[in-house]
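Topology and contacts: notes
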Amino acid sequence: MRLRDWDRNLKIRLFGEAMMNITYWMFFPFLTIYFAEEFGKEQAGFLLVFSQIFSVMANLMGGYCADRFGRKKMMVLSAAGQGLSFLTFALSVSPWFEAPLLGFICFALAGVFGSFYWPASQAMIADVVEEKDRSNVFAVFYTSLNLAVVIGPILGAIFYVNYFFELLVFAGFVCFLLAGLLFLWTRETAPFAGSKLGSGSKWYEFLLHQIREYKIIFKDKAFLLYIGAGVLAAQTFMQLDMLIPVYTKETVQNEQLFSIGEWSVSLGGEQAFGFLLSENGLLVAVLTISVTKWMTAYKERNVFILSSILYGVSIFLFGQFSFIWGLIFAMALFTFAELMTAGLQQSFISKLAPEHMRGQYFAAASLRYTVGRTIAPLSIPMTVWFGFQWTFAIFGILAFVSALLYWLMFSVYEKRSTAGTRI
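Residues numbered from 1 in each chain as written. Predicted model: local features only at pLDDT ≥ 70, side-chain atom pairs only at ≥ 80, totals over all residues. Heavy atoms only, no water.

If you check an unreviewed UniProt entry, the protein chain appears there as MFS transporter from Metabacillus hrfriensis.

Turning next to the overall build of the protein chain. Each helix and strand in the protein chain was counted, giving 17 helices and four strands. The 423 residues of the protein chain split such that 55% are buried. The long-range fraction of contacts in the protein chain, counting pairs at least 24 apart against all pairs at least 6 apart in sequence, stands at 85%. Looking at the protein chain as shown, the accessible area adds up to about 19100 Å², and 68% of this sits on carbon and sulfur atoms. (Helix = DSSP H or I, 4+ residues; strand = E, 2+ residues; numbered from the N terminus. Buried < 20%, exposed > 50% of the residue type's maximum accessible area, 1.4 Å probe, protein only. Contact = heavy atoms within 4.5 Å. Areas by Shrake-Rupley, 256 points an atom, 1.4 Å probe, with all protein chains shown as cover.)

A few words now on the side chain of glutamine 82. With respect to the helices and strands, glutamine 82 occurs in helix 4 (residues 71-92). What makes glutamine 82 buried here is its relative accessible area of 15%. At 3.3 Å, the side chain of glutamine 82 and the backbone oxygen of alanine 110 are in polar contact. (Polar contact = N/O pair within 3.5 Å; in protein donor to acceptor, adjacent residues only side chain to side chain.)

Another aspect to go through is the packing of helix 8 (residues 221-237) against helix 11 (residues 300-318). Two elements in contact, helix 8 and helix 11, have axes whose closest approach is 9 Å; the angle formed by their N-to-C orientations is 30°. In terms of orientation, helix 8 and helix 11 fall into the roughly parallel class. Considering only the axes of helix 8 and helix 11, their crossing is left-handed. Residues Tyr226, Ala233, Thr236 and Phe237 of helix 8 form the contact with helix 11, whose own contacting residues are Phe304, Ser308, Tyr311 and Ile315. In terms of residue class, the contact of helix 8 with helix 11 is built from six nonpolar, two polar and no charged. (Axes fitted to C-alpha atoms, helices over the stretch in contact; angles between N-to-C directions. Parallel < 35°, antiparallel > 145°, perpendicular 65-115°, else oblique. Left-handed = near helix turned anticlockwise from the far one by under 90°. Nonpolar A, V, L, I, M, F, W, Y, C, P; charged D, E, K, R; others polar.)

Okay, the packing of aromatic side chains next. In this structure the tally under the stated criterion is 26 aromatic pairs. Taking the centre distance of 5.6 Å and the plane angle of 50° together, the rings of phenylalanine 304 and phenylalanine 410 count as tilted. Highlighted residues: phenylalanine 304 in helix 11 and phenylalanine 410 in helix 17 (residues 388-419), separated in sequence by 106 residues. The two residues phenylalanine 304 and phenylalanine 410 agree in class, both being buried. A ring pair is formed by tryptophan 385 and phenylalanine 386, whose centres lie 6.2 Å apart and whose planes are at 85°; its orientation type is edge-to-face. Taking relative accessible area as the criterion, tryptophan 385 reaches 58% and is therefore assigned exposed. For phenylalanine 386, a relative accessible area of 42% corresponds to the partly exposed category. Among the aromatic residues, those joined into a ring-pair cluster are Phe237, Tyr247, Tyr311, Phe318, Phe334, Phe388 and Phe392. Above the ring of phenylalanine 183, the side-chain terminus of lysine 72 is found at 5.7 Å from the ring centroid. (Phe/Tyr/Trp six-rings, centres within 6.5 Å; stacked < 30°, edge-to-face > 60°. Lys NZ or Arg CZ within 6 Å of the ring centre and 35° of its normal.)

Right, let's get into the confidence of the model for the protein chain. A residue-level look at the protein chain finds 87% of positions with pLDDT of 70 or above and a mean pLDDT of 82. Averaged over each element, pLDDT in the protein chain is lowest for helix 7 (residues 203-218) (61) and highest for helix 4 (95). The low-confidence segment residues 194-203, where pLDDT is below 50, has eight contacts with residues more than four positions distant or belonging to other chains. (pLDDT = per-residue confidence, 0-100.)

A few words now on helix 16 (residues 379-386). Among all positions in helix 16, only Ser379, Met382 and Thr383 are buried. For helix 16, the angular spread of buried residues about the axis comes to 105°, placing them on one side. Exposed side chains of helix 16 directed beyond 90 degrees from the buried face belong to Val384 and Trp385. (Arc of directions from axis to C-beta.)

A few words now on a nonpolar patch on the surface. A surface patch of nonpolar side chains, amounting to about 380 Å² of accessible area, comprises Phe50, Ile53, Phe54 and Met57. Tracing the backbone through its elements, the reader meets phenylalanine 54 in helix 3 (residues 41-69). The exposure class of phenylalanine 54 is partly exposed, given its relative accessible area of 39%. (Patch = residues over 30% accessible without salt bridge, like charges linked within 9 Å, V, L, I, M, F, W, Y side chains within 5 Å. Salt bridge = Lys/Arg side-chain N within 4 Å of Asp/Glu carboxyl O.)

Grouped together as the largest cluster of nonpolar side chains are 76 residues, with contacts concentrated most on Phe223, Tyr226, Phe318, Phe348, Phe392 and Met409. Setting aside residues no more than four positions away along its own chain, phenylalanine 348 makes contact with Tyr226, Glu300, Phe304, Met409, Phe410 and Tyr413. (Core = buried A, V, L, I, M, F, W, Y, C linked by side-chain atoms within 4.5 Å.)

Below, the discussion takes up the packing of helix 8 against helix 13 (residues 344-352). Viewed as axis vectors pointing N to C, helix 8 and helix 13 meet at an angle of 160°, and their least axial separation amounts to 11 Å. As summarised for this structure, helix 8 and helix 13 are arranged roughly antiparallel, according to the angle between their axes. Crossing angle aside, the handedness with which helix 8 passes helix 13 is left-handed. Residues Ala222, Phe223 and Tyr226 of helix 8 form the contact with helix 13, whose own contacting residues are Gln345, Phe348, Ile349 and Leu352.

This part covers the environment of isoleucine 53. In this structure, isoleucine 53 sits in helix 3. With a relative accessible area of 40%, isoleucine 53 lands in the partly exposed category. Sequence-wise, isoleucine 53 and valine 112 are 59 residues apart; in three dimensions their C-alpha atoms are separated by 9.5 Å.

In structure tokens:
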């Protein structure tokens, strides 16, 4: 499916979200450093875990609201909410006022609004794109995100130290710009938008109705196994923002990247992590679409299982290497594992989900990331308890268990498909 044949909603979103993602990644990789400096490592870690609990709840609420009130409305409100959060965050680090706790609260709120945005945005793609083209469309959005992961940190390394306040202000205005574009130039796509509970319903009736519908989802055994496998796999790839930067900072000491005659390039720990992050982002940006097309030629079962196995192998190798080229190889393998399912995951969710519950299924599926992100910071104290090598090995084992759960999930799914039943 060519870009010019896309629905207008998707074209506008691709442009607006690309701007937002680049801006966000200009400061996001450095926020852990900021909070660690302000609160201390232990307290910052627990605060980050705590903030993710609210994102989990927001994902569930976001999916429900996307199905009941519409994709467009939820995306506009969420983008505006993120804009307000970033502007208030900017105030907390401004030259006139310093309040780290306020900044953390705003960061957590921005994450909550992002969790409201995500299920509506994913469901909109499923609404307007035929099933045969969904994997490629999801892959294009994923590529756009990872281009931001390449470009954003490079720009952030230039501007973050001296212009953190200005970056947050800029991020706030970009969010408001995205909200305006969505409001003015997109249309509603939810097939049953407006079929919410009556306006006279009490808040507890709304909550009970929501719980009943999620109860239906969590009775879907295949879907539950999919979430469980995803949470375990997430413990591996989320270490890119948690364990790997700490490991490279402590173990990589002026490693020589290459030399030509008397001229050479050496990297310290922080520089090595930046290089590895750029390697990951660049490979994803360049290869996502081609690898996604390649993977569609194989059975989804085999792709998901092999991806988890490669995650396990690559994270184990990270713990064995302290020289830069070994880490580069491990990152390449790690990135290929990521790319294998990049376009297939969202398409597979749309197969599992009944049309009228797509938003909730996408929201519930995002628990793979929100729950995974909640648990992931525990890797930092694990290095104190077990050491780096054992910590990496434990995450490798979790990835292998994820592969086993995917095998069980596809067994259940294929039996259900053969029997012609569906939740």
